[in-house]
Amino acid sequence: MKCIVCLDERMSHTPEHIVPAALGGSLTTDAFCARCNERIGREVDAPFSRDHWMVELGARYAIKDRYGRVPAPPRIAATVEGKPAVVTMGTPWTVETFPETRIEGDRFTFTVPADREEEIVAKKLARLSAQFGEVEVASRQVMPNDAPVVQFEEVWPIERWPRFAAKVTLGIASLLPGSWEWRASEQGQYIAETALQEFREPRDAEVGLRPLPLVLQGDDLFARLVPPPRHFISIDESGIFITIILFGRYLCGAALGDEAPGRGVAWLFDPLARTVQAAPYLDLLMRLVGEMDH
Ligand SMILES: [Zn+2]
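Note that this is a predicted model, so its numbers are computed, not measured.

Please clarify how the environment of V95 should be interpreted in this entry.
Structurally, V95 can be placed in strand β5 (residues 94–97). A relative accessible area of 39% places V95 in the partly exposed class. Sequence separation of V95 and A78 is 17 residues, and the distance between their C-alpha atoms is 8.7 Å.

Written as structure tokens, this is what we have:
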């Protein structure tokens, strides 16, 4: 059996989750050989699923992984007014700044968050006493608590998306009748190469024949049509593009080219129930439009 990614016919095949199981995906294909499945799992699915933007949504909607575990809200490094901090992406997000110690003569000055003052000061005193002998609190001042300005070191890890979109495209194509004709086309070959290697910029400006290195985040637009936390994958009637909407929030996709493996097909995923419905694109679209604003 030929692998749709590497075209090798000798390897055994293992089931591949088209949307990762960690994101509540339940649709699988057997068109990936064990070697490609392992490599794509390690290099594409795992980093993508563990990305804090994905984990945040998994935690918010209590999406269980394949072992039944719900992820904890991610904690990421940030900068608050020029000082290092940790942001917990829960509901709501919280910001934790590190206490800063200044030493002048025999005085230590440090700043701690008000809601954890007692705990942190006790720890500080214990550590300083062990180092310098007996120390005590000489004075205490409450600082004004203006809303802090938070800056993230990493705002948008966009480079993970094209490889992910390419892998999803191969998985979806493998379920459709024209998959091998499409895989043999120039665009099918390009998508397979993209799934297997680090993303690189398109070699030329040929519009429409490359994965879209584009991710759109739509708080309202996609969420109105595909209520979170559902996922939606579709190939429209023209067959030019595959569109992938994750958690009703992020949109990415890939160009399929003229040899599209299928037209007018769509899948709606419910990550909480771990179910997926396949339907004609227009039927599913009309159903979602009918459910809007109800
Ligand atoms: Zn393979």
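Picking up where we left off.
So what exactly am I meant to see when it comes to the coordination of the zinc ion here?
Geometrically, a metal with four donors at the corners of a regular tetrahedron has ideal angles of 109.5 degrees, and one with six donors at the corners of a regular octahedron has ideal angles of 90 or 180 degrees. The zinc ion binds to the protein through C3 (SG), C6 (SG), C33 (SG) and C36 (SG), with metal-donor distances spanning 2.3 Å. Relative to the metal, the 4 donor atoms surrounding the zinc ion lie at angles of 104 to 115°, and the coordination shape comes out tetrahedral. Read from N- to C-terminus, the donor residues coordinating the zinc ion fall into the pattern C-x2-C-x26-C-x2-C. Note that C6 is positioned in the segment before β1 (16–17) and C33 in the loop between β2 (28–29) and α1 (34–50), a separation of 27 residues in sequence. By relative accessible area, which is 27% here, C6 ends up partly exposed. Its relative accessible area of 0% is what places C33 among the buried residues.

When you look at helix α2 (residues 52–60) in this model, what are you seeing that I'm missing?
For an α-helix, the turn length of 3.6 residues means that residues three or four places apart are oriented alike. Of all 9 residues in α2, 8 are buried, a share of seventy percent or more. Of all the residues in α2, the buried ones are H52, W53, M54, V55, E56, L57, G58 and A59. Buried residues in α2 make contact with α1, β3 (75–80), α4 (160–174), β11 (241–246) and β12 (250–255). Here α2 starts with a cap whose side-chain oxygen sits 2.8 Å from the backbone nitrogen of W53, and that cap is D51. Positive backbone phi, approximately 55°, marks A62, located one or two places after α2.

Is there a simple way to think about the environment of M54 in this case?
Of note, M54 is situated in helix α2. On the basis of relative accessibility, which here comes to 2%, the residue M54 falls in the buried class. Along the chain, M54 and A22 lie 32 residues apart, while their C-alpha atoms are 9.5 Å from each other. Those residues in contact with M54 that lie beyond four places of it in its chain are L23, F48, S49, W161, L246, F247 and Y250.

Whenever I open this one, the packing of α4 against helix α6 (residues 186–196) confuses me. Can you help?
The geometry of a pair of packed helices is captured by two quantities: the angle between their axes and the separation between those axes. Look at α4 against α6: their axes get within 8 Å of each other, and the N-to-C directions meet at 125°. Classified by the interaxial angle, the pair formed by α4 and α6 is oblique. Between α4 and α6 the crossing geometry is left-handed. On α6, the residues touching P162, R163, A166, K167, T169 and L170 of α4 are I191, A192, T194, A195 and L196. Residue composition of the contact of α4 with α6, by class: 7 nonpolar, 2 polar and 2 charged.

Hey, could you run me through the pattern of salt bridges in this one?
As a working rule, side chains carrying opposite charge can pair if their charged atoms are close by. All chains considered together, the criterion is met by 14 salt bridges. Across the salt bridge formed by D8 and R35, the nearest N and O atoms sit 3.4 Å from each other. Taken together, the residues span a long stretch of sequence, with D8 in the segment before β1 and R35 in helix α1 at a distance of 27 residues. We note a salt bridge from E43 to R163, for which the minimum N-O separation is 2.7 Å. With E43 in helix α1 and R163 in helix α4, this residue pair connects regions lying 120 residues apart in the sequence.

Parameters at a glance
- Residues numbered from 1 in each chain as written.
- Predicted model: local features only at pLDDT ≥ 70, side-chain atom pairs only at ≥ 80, totals over all residues.
- Heavy atoms only, no water.
- Helix = DSSP H or I, 4+ residues; strand = E, 2+ residues; numbered from the N terminus.
- Buried < 20%, exposed > 50% of the residue type's maximum accessible area, 1.4 Å probe, protein only.
- Donors = N, O, S within 2.8 Å, 3.2 Å for Na, K, Ca; no water.
- Tetrahedral: all angles 85-135°; square planar, octahedral: opposite > 155°, others 65-115°.
- Contact = heavy atoms within 4.5 Å.
- Polar contact = N/O pair within 3.5 Å; in protein donor to acceptor, adjacent residues only side chain to side chain.
- Axes fitted to C-alpha atoms, helices over the stretch in contact; angles between N-to-C directions.
- Parallel < 35°, antiparallel > 145°, perpendicular 65-115°, else oblique.
- Left-handed = near helix turned anticlockwise from the far one by under 90°.
- Nonpolar A, V, L, I, M, F, W, Y, C, P; charged D, E, K, R; others polar.
- Salt bridge = Lys/Arg side-chain N within 4 Å of Asp/Glu carboxyl O.

By themselves, these are just geometric observations and shouldn't be taken as functional.
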